[in-house]
Number of protein chains: 6
Amino acid sequence: MREDGRQPDQLRPVKISRGYIKNAEGSVFIEIGETKVICTATVEEKVPPFLKGSTQGWVTAEYAMLPRATQIRTVRESAKGKISGRTHEIQRLIGRSLRSVVDLSKLGERTIYIDCDVIQADGGTRTTSITGSFIALVDALTKLKQEYHWKELPITDWLAATSVGKVNGELLLDLCYSEDSKAEVDMNVVMTGSGKFVEVQGTAEADPFSRNEMDQLLKLAEDGINKLIDAQKKVLILELGSPGEDECAKSF
Amino acid sequence: MREDGRQPDQLRPVKISRGYIKNAEGSVFIEIGETKVICTATVEEKVPPFLKGSTQGWVTAEYAMLPRATQIRTVRESAKGKISGRTHEIQRLIGRSLRSVVDLSKLGERTIYIDCDVIQADGGTRTTSITGSFIALVDALTKLKQEYHWKELPITDWLAATSVGKVNGELLLDLCYSEDSKAEVDMNVVMTGSGKFVEVQGTAEADPFSRNEMDQLLKLAEDGINKLIDAQKKVLILELGSPGEDECAKSF
Amino acid sequence: MREDGRQPDQLRPVKISRGYIKNAEGSVFIEIGETKVICTATVEEKVPPFLKGSTQGWVTAEYAMLPRATQIRTVRESAKGKISGRTHEIQRLIGRSLRSVVDLSKLGERTIYIDCDVIQADGGTRTTSITGSFIALVDALTKLKQEYHWKELPITDWLAATSVGKVNGELLLDLCYSEDSKAEVDMNVVMTGSGKFVEVQGTAEADPFSRNEMDQLLKLAEDGINKLIDAQKKVLILELGSPGEDECAKSF
Amino acid sequence: MREDGRQPDQLRPVKISRGYIKNAEGSVFIEIGETKVICTATVEEKVPPFLKGSTQGWVTAEYAMLPRATQIRTVRESAKGKISGRTHEIQRLIGRSLRSVVDLSKLGERTIYIDCDVIQADGGTRTTSITGSFIALVDALTKLKQEYHWKELPITDWLAATSVGKVNGELLLDLCYSEDSKAEVDMNVVMTGSGKFVEVQGTAEADPFSRNEMDQLLKLAEDGINKLIDAQKKVLILELGSPGEDECAKSF
Amino acid sequence: MREDGRQPDQLRPVKISRGYIKNAEGSVFIEIGETKVICTATVEEKVPPFLKGSTQGWVTAEYAMLPRATQIRTVRESAKGKISGRTHEIQRLIGRSLRSVVDLSKLGERTIYIDCDVIQADGGTRTTSITGSFIALVDALTKLKQEYHWKELPITDWLAATSVGKVNGELLLDLCYSEDSKAEVDMNVVMTGSGKFVEVQGTAEADPFSRNEMDQLLKLAEDGINKLIDAQKKVLILELGSPGEDECAKSF
Amino acid sequence: MREDGRQPDQLRPVKISRGYIKNAEGSVFIEIGETKVICTATVEEKVPPFLKGSTQGWVTAEYAMLPRATQIRTVRESAKGKISGRTHEIQRLIGRSLRSVVDLSKLGERTIYIDCDVIQADGGTRTTSITGSFIALVDALTKLKQEYHWKELPITDWLAATSVGKVNGELLLDLCYSEDSKAEVDMNVVMTGSGKFVEVQGTAEADPFSRNEMDQLLKLAEDGINKLIDAQKKVLILELGSPGEDECAKSF
């Protein structure tokens, strides 16, 4: 039994609130256990230089933590004057993951900025950010769809992420901070609703892992991500509360 | 009548939630109208270099906004690599204001870090930060008091802040963003529970103001701050819910 | 009696030299007691991005101190790679104050850069900068007026600033450094020739002040600023030495 | 057939030169096809703050490219004043990978700095850096072993890395730049001599991949890495040319 | 004849005022023609890390220009967040030059900071800085000599600098800005009172120069520097006005 | 006799390899003794802002060292976030020197970037960079000449550089690091094939030098540079191996 009473293959409770920040085109407050993240999606009518004139859009992400999201206060990156390697890695991961399910050619020359701000951190902040951002992204794209009378959302699949790992020799789903900090193997997996991999990042600083363990970890992750996508589907259908919600939920 | 239906001398609704972030020694989620700020207080057992060996403590503050707290997404200061002049001004103001009601000599050689992170901005973010931070500060000091068996909190008075201004020739209390952005005069006032001024910052870029207007603005601010301190007192007494709460509320 | 022999309501000696730097469109060397500042005004034929196409001009300020302006050598901000919060605050204050008496719509799409470089610091460097910069600004605008055959200077009023404060319980005008460093209350006031307030920044880190004290401090400041504006008027009339000087002095 | 005539499961030619930089404790010039990297290992007798007093050592890595390693000249990160997200990711990956096969507790309180400088880039620069750095690391540790009369090298296994990917629907080993830039799936794999995974980083920005494809990619990578480790073993035995070389090659 | 009426081998008027900034241990306002520089010398009781425990002192220099020292306003290096290559070169040159005539072993473990701030620039700012700083340095050392009862100043020789160059084919001493900006050859020379070279920096971006021209330029510089040292000697003897001035002037 | 057995007026062995980096328009690996530098020349079809519309080109240089080029590992400038004063000086020197032999008006509005990356440092890295870069520059210009059917290379002369100095009272050519680090006088000289000076930078921090010593040092440098230019000529003629090589070698 895990320290919070979960089974090895059990997710922490998931709670997703849409429309959390009034100004953003899409915004979500996602809580997975004690990890809490505000995800917003902002539409800007311009693209990075390398896409100018391409008729194609872009999705990019930024990630940060409030100083006291962590047990020990973290110094702000704005005060240090630079973004840490860890932050860079995470925001590149979130951006890449979301782009994998967006049809950028149908987005037009505009950029969706995803902002993930961790209010409270208890492990899995990057995967929670991806799972929550997907909903904020869908909401922002739905607004664009309505404004520009698109026939369908430029989304090709559902998307969620979780972490798995090996802790004290046991393979576990959805590590909280105390598990993550002593894990021998740590793996972040991003998958689509149709069961394909978008990102697999397995790391074994302390103890390299066998092919067999890898197979089991991927299975654990797959089952967890399916449940997260179920949660996403409920939120999009139950909360949207407007004509067309079903069509929205079905359109990808 | 103001655009949100308020009287000229009426505050927006105030809501203060204590214990918002589990790890922080003190934490508050304060909402004044649509302005929402997370304030945390962190205790660190060290002081800035200029206080080393002085047996005296320090209180300092940092302030930031989530990128989408604003109507147009604001670029992160961590991405720009430096803190703007506006942010510097605000965090210096918050720190100075809080220090004015703390007896630093009784704090011991430790620093209280106040972090104010604006989740949603609709005018008055700096004054809302001060009003909320005061509660987070009291909570952190209460923990220190219990841990070190201090006889009393090293707090000398209540503290709150609000903005007043002249908009279309009319003097108003607690400006929301749409009022603030067209104000001829903008004044931030920080006061104590005993009715003394800690900071008065009046600015009239567009239209210098007379002594008579100044007097009226200060009166408006005083009345508003008294109501904010009433709100603070309710929260400290009603929510603390532990033996000694009364003593805490009365000790300054 | 104050340590330099002044009465509580007495300014230090004021000396203003125009045309100090040969290349600048306007330049002033101002000495108030031992505080010495070089103020220059530079005309650039462009505006910040937010004013492009607005047919309106801009006035902005920068402030710095020579490393040895202070008793202990101050590290250069260029060497530290960033501008301190204090410097940000001061240059924003100077810029705002000067803009309050310039009719930006008559300036055309150009920017006046005000540079205030403190050669020697003995308290009141920001208010001295404002008082001196006003003259440099008028000189630069006079050149523009001559060059473009404007009918009048786009200046709406005289402008000067001083500090007041409470030191050892006594209310004093124009604090020198040794007074300022032990003041219980410190207030910077910027006023126009017609007696209106542009900025009032009162701070009481150590000892909050009553409404009555505030009233007395504002009165002290008002009297001091009137004398500073008298000094400005003498300089503009006596030194300009060219036909039209009277018209210049009277035009605002 | 691939554009350079290789089979899908064929590595590019591998060439490893030891002792390339005379001053470094370990140094290697590694060429894999047209990708060329200088790897050095430097011993410093101190550890990062979080390890002080722990009696444990550390291995960390830095990575850079000469401006003209790439087809289009890349602006130096020193000129930009900051390290890109990509560089951060790569140097964290190299450091983690090497630490996975070092017994840090036997290293003593010292740090091995690995520097990977890409002289010419044609795909796979991060995996080439890992494969080359391992040899430089062993050489530096061998010097320490001799100097401090350690009984054995604090190395627990061989280590090498390669990239695999899906290009035009075909699964390929060891992508060169022109393949990498159009790959649907890109995966970097770091493995040990005993066939365990240290890092698996699979990314499918354009086209998520199935579990079956993942299995095949891992198999391709495993075969390639075994050949790279064979190459490493030849270099360590053939070039060391000193008594004890066999013992060195066998000791992990 | 030169544009300001000078002969080819004629210096501009030189004016040196000592004791210009009240707080600095040594301070000089030096004017050579329209080039005006404030030079201060500050004593700090510590040395750079590489000299700790060496019983030896250090002399280092910083150089800056007020934004409007130049015809076109120069952006502040503090605003740009970094020091330009030109500034770096100049401050290294000033520091090296002054160190060449200081007996650092007699200085004790302390650092003399030389600050050269150009108030108005009209060519030759770096050589003017060296010539002026030498006097500020002597004044600061004289204070140390008095305070610590040294037997003699740790100065080994007089030091001054000037520029020479080839303009329109003619060899000229002490270039003003308009000459310097069109010079085919530009050379800065630093020499001692005993006629030895400390620095010779000749540059011919536009038109390489012959050995014969070099010889003539060095002769021009030597004559000019002798006159500058005469000026320095007058200032040290005439202005010091205290017992021991002769001894000071003769001691090196 | 010198520590590596050379005569005072003897260069270290010189080895120049052209075409070292496949992508660069010009690239050279130059070794002078144990000092090893990669020099590349990159053509970019744009010029710095101050040359826009001038129909003139530009040549600029950047210089860096691998961290372990030096005996003690040097911290990367990208990690420090800024370029040191020494690097600035060197890259300005290299750029100026190369521009002195390029007819910029014939280059067209394009920039040649010279990158000098020191792989191993044993004294004379800046002069070695200049000598090697000249060949890379010629190669890049030769490509432009062929592409645009220029009649001749826009090169006006050969160019090379060396260091000379006074070590233990003896005047030496081409100082290696151990000589350089204890030199009383250090002088870098850049000369053309026709025997004219482009740069002379003599420094005597420890011991100012006489006019006679200067004359001898310049003679030593001149002889050394003539030999370096002989080496350059051999490489351009022997290695180019293409029709037109003679014409290339003769054209300046």
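Residues numbered from 1 in each chain as written. Chains lettered and ligands numbered in written order. Predicted model: local features only at pLDDT ≥ 70, side-chain atom pairs only at ≥ 80, totals over all residues. Heavy atoms only, no water.

Enquirer: Explain the overall build of chain A to me, please; I cannot follow it from the model alone.
Expert: The secondary structure content of chain A amounts to seven helices and nine strands. Summarising its shape, the C-alpha atoms of chain A cover approximately 55 × 45 × 30 Å along the three principal directions. Considering chain A as a whole, with its 252 residues, one finds that 63% of them fall into the buried category. Considering only contacts in chain A between residues 6 or more positions apart, those separated by 24 or more positions represent 69%. Element-wise, carbon and sulfur atoms account for 49% of the exposed surface of chain A, whose accessible area totals about 9500 Å². (Helix = DSSP H or I, 4+ residues; strand = E, 2+ residues; numbered from the N terminus. Buried < 20%, exposed > 50% of the residue type's maximum accessible area, 1.4 Å probe, protein only. Contact = heavy atoms within 4.5 Å. Areas by Shrake-Rupley, 256 points an atom, 1.4 Å probe, with all protein chains shown as cover.)

Enquirer: Please clarify how the UniProt feature "binding site: phosphate" (unreviewed entry) in chain A should be interpreted in this entry.
Expert: Residue and element names in this part refer to chain A. According to UniProt, the feature "binding site: phosphate" (unreviewed entry) maps to R86, G124, T125 and R126 in the numbering used here. Look at the named residues: they lie 41 residues apart in sequence, but the longest C-alpha span between them is just 13.4 Å, so in the fold they bunch up. By the element assignment, T125 lies in helix α4 (residues 125-148). A residue is classified by how much of its surface remains accessible, and T125, at 7% relative accessible area, is buried. Beyond its immediate chain neighbours, meaning those up to four positions away, T125 contacts T35, V37, Y63, R86 and V118. Mapped onto the secondary structure, R126 falls in helix α4. Classification of R126 as buried rests on a relative accessible area of 18%. (UniProt positions renumbered as here; feature names shortened; annotations may be inferred.)

Enquirer: It is not clear to me how the relation of the copies chain F and chain E should be interpreted in this structure. Could you clarify?
Expert: Turning one copy of the chain about an axis and sliding it along that axis gives the other copy, so a rotation and a shift relate them. Of the transformation superimposing chain F on chain E, the axial component is 0.0 Å and the angular component is 180°, with the fit at an RMSD of 0.0 Å. When the rotation and shift are considered jointly, the pair of chain copies conforms to a two-fold rotation axis. Among all C-alpha atoms of chain F, that of Q201(F) lies closest to the rotation axis, at 2.2 Å. A symmetric contact is evident, with 100% of the interface residues of chain F recurring at the interface of chain E. (Least-squares fit on C-alpha atoms with pLDDT ≥ 70 in both.)

Enquirer: Teacher, can you tell me more about the packing of helix α2 (residues 85-99) of chain E against helix α3 (residues 125-148) of chain E here?
Expert: The relative placement of two packed helices is expressed as an angle between their axes plus a distance between the axes. All names here are of chain E. It is at 10 Å that the axes of α2 and α3 come closest, and there the two elements cross at 40°. Overall, the two elements α2 and α3 adopt an arrangement that is oblique. As α2 packs across α3, the resulting crossing turns out to be right-handed. Judged by residue contacts, R86, E89, I90, L93, I94, S97 and L98 of α2 engage T125, R126, S129, I130, S133, F134 and L137 from α3. Across the contact of α2 with α3, the residue classes tally to seven nonpolar, four polar and three charged. (Axes fitted to C-alpha atoms, helices over the stretch in contact; angles between N-to-C directions. Parallel < 35°, antiparallel > 145°, perpendicular 65-115°, else oblique. Left-handed = near helix turned anticlockwise from the far one by under 90°. Nonpolar A, V, L, I, M, F, W, Y, C, P; charged D, E, K, R; others polar.)

Enquirer: What am I meant to see in the interface of chain F and chain E here?
Expert: How large an interface is tends to be reported as the accessible area lost when its parts come together. Between chain F and chain E, the residue contacts involve 29 residues of the former and 29 residues of the latter. Summing the contributions of chain F and of chain E, the shared interface buries around 2800 Å²; its carbon and sulfur component is 51%. Looking only at chain F, the three residues that lose the most surface to chain E are F197(F), E205(F) and R211(F), adding up to 23% of its buried area. Here chain F is connected to chain E by four salt bridges. The interface formed by chain F and chain E contains 12 residue pairs in polar contact (both at pLDDT 80 or more). Those elements that provide at least two residues to the side of chain F that touches chain E are α2 (85-99), β9 (197-203) and α6 (211-240) of chain F. Along the lines of polarity and charge, the residues of the side of chain F that touches chain E split into 10 nonpolar, nine polar and 10 charged. When strand β9 (residues 197-203) of chain E meets β9(F), the two strands line up antiparallel, connected through five bridges. Bridge pairing in β9(F) places T203(E) opposite E199(F). (Buried area = accessible area lost by both parts, 1.4 Å probe. Salt bridge = Lys/Arg side-chain N within 4 Å of Asp/Glu carboxyl O. Polar contact = N/O pair within 3.5 Å; in protein donor to acceptor, adjacent residues only side chain to side chain. Pairing = 2+ DSSP bridges.)

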